[in-house]
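So you can see what is in the structure, the chains are spelled out below.
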Amino acid sequence: MTDRAQQVILDSVQVGEIITSLVRQIAQEGKNLGNLAIVGIRRRGVPLAQRISAQIEKLYGVKLELGILDITLYRDDLSLIAVQPVVHATEINFNVEGKRIVLVDDVLFTGRTVRAAISEILDFGRPAKIELAVLVDRGHRELPIAADYIGKKIETRRDELVDVLLTETDGEDKVVIR
Amino acid sequence: MEWTRKDLLGLQELSQEEITTILDTAQSFKEVSTRSIRKVPPLRGKVVVNLFFEPSTRTRISFELAASRLSADVINFEATTSSAAKGETLTDTARNIESMGVDVVVVRHSVPGAPHRLAKVLCASVVNAGDGSHEHPTQALLDIFTIRQHKGKVEGLTVAIVGDIGHSRVARSNIWGLKKLGANVILVGPSTLVPTKFKELGAEISYSLDDVIGRCDAINVLRIQLERQEAGLFPSIREYSRLFGLNVERMKRAKPDVLIMHPGPINRGVEITPQVADGSRSVILEQVANGLAVRMAALYLVTSVKR
Amino acid sequence: MPTILIKGGRMIDPASNTDRVADVLIKDGKIAALGSVSQTAKTVIDARGLYVAPGLVDMHTHLREPGNEEEETIASGAECAVSAGVTTLACMPNTEPAIDNEGSAAFIILQSERAGKANVFPIGAVTHQRAGERLSEMGGLVRGGAVAFSDDGSPVRSAEILRRALLYAKMFGKAIINHCEDTDLSRDGVMHSGYVSMVLGLPGISSASEEIMVARDITLCEITGGRLHIAHVSTKGSVDLIRVAKRRGIQVTCEATPHHFTLTDKCVETFDPNFKMNPPLRTEEDVAAIKEGLKDGTIDVIASDHAPHSREEKELEFSFAPFGVIGIETLLPITITELVKPGILSLIDAIRKLTVNPVRVLSIEKGTLSVGRDADIAILDLDTEYTIDPEKFKSKSRNCPFAARRVYGKAVKTIVRGKIVFESR
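A. How the structure looks around the interface of chain B and chain A. Of the residues lining the interface, 17 residues belong to chain B; the matching set on chain A comes to 19 residues. Taking both partners together, chain B and chain A bury about 1500 Å²; carbon and sulfur atoms supply 56% of that area. Applying the counting criterion to the chain B and chain A interface returns one salt bridge. One salt bridge connects glutamate 120 of chain A with arginine 35 of chain B, and the closest N-O pair in it is separated by 2.9 Å. Broken down by element, the side of chain B that touches chain A gets its largest block of residues, three residues, from helix H1 (residues 16-30) of chain B.

B. Quick look at the sheet that holds strand S6 (residues 56-61) of chain C. All names here are of chain C. Taken together, the three strands give an open sheet; going across it, the order is S6-S7-S8, and neighbouring strands pair in parallel fashion. This sheet does not close on itself; its edge strands, each paired only once, are S6 and strand S8 (119-122). Going from strand to strand, the sheet's axes swing by 20° on average, the running direction of each strand aside. Where strand S7 (residues 86-91) and S8 come together, four bridges link them in parallel fashion. Note that in S8 the partner of threonine 88 across the bridge is asparagine 119. Against the sheet, helix H2 (residues 102-115) touches S7 and S8, its axis set at about 175° to S8.

C. How the structure looks around the sheet that holds strand S2 (residues 73-78) of chain B. All names here are of chain B. Overall, parallel pairing links the four strands, which are arranged S2-S1-S3-S4 in an open sheet. Both edges of this open sheet fall to S2 and strand S4 (125-131), since each of them pairs with a single strand only. In this sheet, neighbouring strand axes are inclined to one another by 15° on average, regardless of whether the strands run parallel or antiparallel. Looking at chain direction, strand S1 (residues 47-52) and strand S3 (residues 104-109) are connected through five bridges and run parallel. Residue pairing for S3: phenylalanine 52 is matched across the bridge by arginine 108. Against the sheet, helix H4 (residues 90-98) makes contact with S1, S2 and S3, and its axis sits at roughly 155° relative to S1, the strand it touches most. Set on the sheet, helix H5 (residues 114-121) makes contact with S1, S3 and S4; between it and S4 the angle comes to about 170°.

D. Fine view of the interface of chain C and chain B. Facing the 17 residues of chain C at the interface are 21 residues of chain B. Contact with chain B buries surface across chain C, with Met198, Phe271 and Glu317 of chain C losing the most and accounting together for 36% of the total. Linking chain C with chain B are one salt bridge, by the criterion used here. The partner of aspartate 272 of chain C in a salt bridge is arginine 117 of chain B, and the shortest N-O contact between them spans 3.8 Å. Inspection of the region where chain C meets chain B yields two residue pairs in polar contact (both at pLDDT 80 or more). Its residues placed into classes, the side of chain C that touches chain B shows nine nonpolar, four polar and four charged.

Criteria and thresholds
- Each chain has its residues counted from 1, running along the sequence as written.
- Each chain is given a letter, starting from A, and each ligand a number, starting from 1, according to the order in which they appear as written.
- Note on the predicted model: pLDDT of at least 70 is required for a residue's local features to be given, and 80 or more for side-chain atom pairs to be given and counted; whole-chain, interface and lining totals, by contrast, use all residues.
- With hydrogens and water excluded, all non-hydrogen atoms of the structure serve as input to the side-chain values.
- Here a residue-residue contact requires only that any non-hydrogen atoms of the pair lie within 4.5 Å.
- Summed over both partners, buried area is the accessible surface (1.4 Å probe) that two parts give up on being assembled.
- Every case where a carboxyl oxygen of Asp or Glu lies within 4 Å of a side-chain nitrogen of Lys or Arg is listed as a salt bridge.
- Only DSSP runs of H or I covering at least 4 residues are called helices, and only runs of E covering at least 2 are called strands; the numbering of each starts at the N terminus.
- Here, any two strands with at least 2 DSSP bridges between them count as paired.
- To obtain an axis, a line is fitted to C-alpha atoms, over the contacting stretch when the element is a helix, and the angle between two such axes runs from 0 to 180 degrees between their N-to-C directions.
- Whenever two N or O atoms come within 3.5 Å, that pair is a polar contact, provided that in protein one can donate a hydrogen and the other can accept it, and provided that, for residues adjacent in sequence, both atoms are side-chain atoms.
- Any residue that is not Ala, Val, Leu, Ile, Met, Phe, Trp, Tyr, Cys, Pro, Asp, Glu, Lys or Arg is counted as polar, Gly included; the first ten are nonpolar and the last four charged.

Shown next, in the form of structure tokens:
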């Protein structure tokens, strides 16, 4: 891993503000929250999903369904990657039938992860709707995938790396470009 | 840890980390069987061949289901009725199959070594579904997985394996796996069926189930084969059953949370009574379900290794 | 026949305890002169830097003729022998049909002469059709050319039959060679019974199964006064029993194969049937005991137990593959590399176990470099290292446990009865 110079795009305050904004957009003033399920995509989509879900529950006093998706088995590049990835558990402990599912991930890039997540959710049943919320949209889509709720859109070069750090996984909230 | 083996031939050569990786991966696959669509795509377009030189309905079905759940195409090749009977060598059979384009060959054979010889000549992955008395890695893995599910760990537990240890591939694979994960293993059976040499594997030997049953956290009861009795290695089924059969009386001396296991199929009334087999401590049916997850993990891991 | 002069080679003749640089003159198929030879000859071989030894004698081989000629014939066996410095073979009678009468023994001699390479002598069966029930016509066999008696691949199971055989063979001055194995104990065993067989889940052939019959046969040898030769000794216990018997003056001799003083049962971990033979490869302790037995003279002979099998048969599962490995072409190199180079046996002693000692058991006049004897001579290079490649063997079969091994010891030229029958390129 080359030691690149890193540039902080979002500091912890900004990350917090963006998450609050996403919460407001997703909650849509508290309408039909009984049908809403938040599903985090491993790895960092999970703590984000947990925060979003917790904040909605606090604001509106409802209990939301929360799920975790490990998309390893649905990746389209399993035969190409050098290191065989470890499979972790997927936990969808509620019935997806007829639900409004909001997938949550930290970075939207090529769109392949989201495509895999959609395929996997559909193997659990038929939701009424699937939406996507991301902290950062960095462009360079390779599939026709778009997010419904975007924290921040940033321009990046294809070879740059965008790292999202979260308190739950990395000890602090920060988004950097290298 | 990264899985680097293209084949799963036995537990003797695996490290503790490798065994743990399979068990952890199996954990993830357990959840797939609870979905409404019980399929995931990683082996889509891949071909898995069940090359069974020894008949076995259960293991074959288990592997078949596991492969299907991974979206693979499955072919069953029962060599007992095919060219092997005409005298085709093992290597020829396998090469013929491979040239049709297969990714995994699951081999079950009546004598040791067949999967190992095949792994040497085939580019495809080879998974040992039982080779004679030598090894049956996926069975031991599902046994250990079942223990881990209930007890949270394997290290420090005492596990007894009861039966015809000398001829048992299930026993051998379990001994390797359990010892590597830090369990104590007690081998129980008649002295004619439990060779003392097994002590060199670090296992304890006892010719009395009553003496050791109170120390066990899990008891794995092996099926007693009628051929052994016919070969005169023990005098009668009745005597075996009296001395080593797991019945309600013996269970009184066992720990209240002991796990009762059996690789199946059960000889009801011989090595285990129906009351115990169907009783509250029995996890025999769970073993079958876990077998599916473990075999999915095995197929997933071996195919993930780049040639 | 043209005269041949072998000049300047290092002559090793165990019979006369000779190890010196000397010339050898061959005339009319016999050795005409030894030492510093000034005469000229039609053919002069420059043997400087090479060893000149009596042609080696492999007294335990299986040539599959009659019956399984696709695996080996007398001709192919004789040819692969001379390519490896071996000028005399004794072949076992477990062919189809068995060599249990004068006619079939004479057939072996005839085929040997037709081939015109190594001398092949038949070993006749001990019992009729090797069935172990009644004695074969030993007199007829001897008339046909048999040099000893054996039912090898099988043991003589009945103690009474062996007793009779030892007694009866005395009349002809021939030895009974027994394959010692209590088959009731060894049953369906396919490898040595020990730690490795326990781990691999393969049924074992215990050391006890050999030792029990070795002890039995030594007793029978003692009470009959006959000549007993124990084939392919493989266990420490057997070596110990024979050592004690010899000290007591019993007329027992024995042999060991190169694989039994080189390889162990760990080789079977590959499940490669090229490591499956009977008696099986045993433990480090047994290998050490065989080497010790060779060193202190308890073991008289080194013989290959050359057992060719077709590729299809050896490509079967270990449990189903037949027992046996080829060995004529590795007899010399393994002996040199594993015994002589590490100093366990001197060169002259090693050659003794491959010449003088086997011919003594078989009562044939071969195996020495003496004036007037048949010119069966091996000119050997013992200093160039090479890799064993069974694909290049002259044998029809390839089931060799020494493939890819680095060794010393090969034949440069081989002469049988005064004729050059092999020259390396």
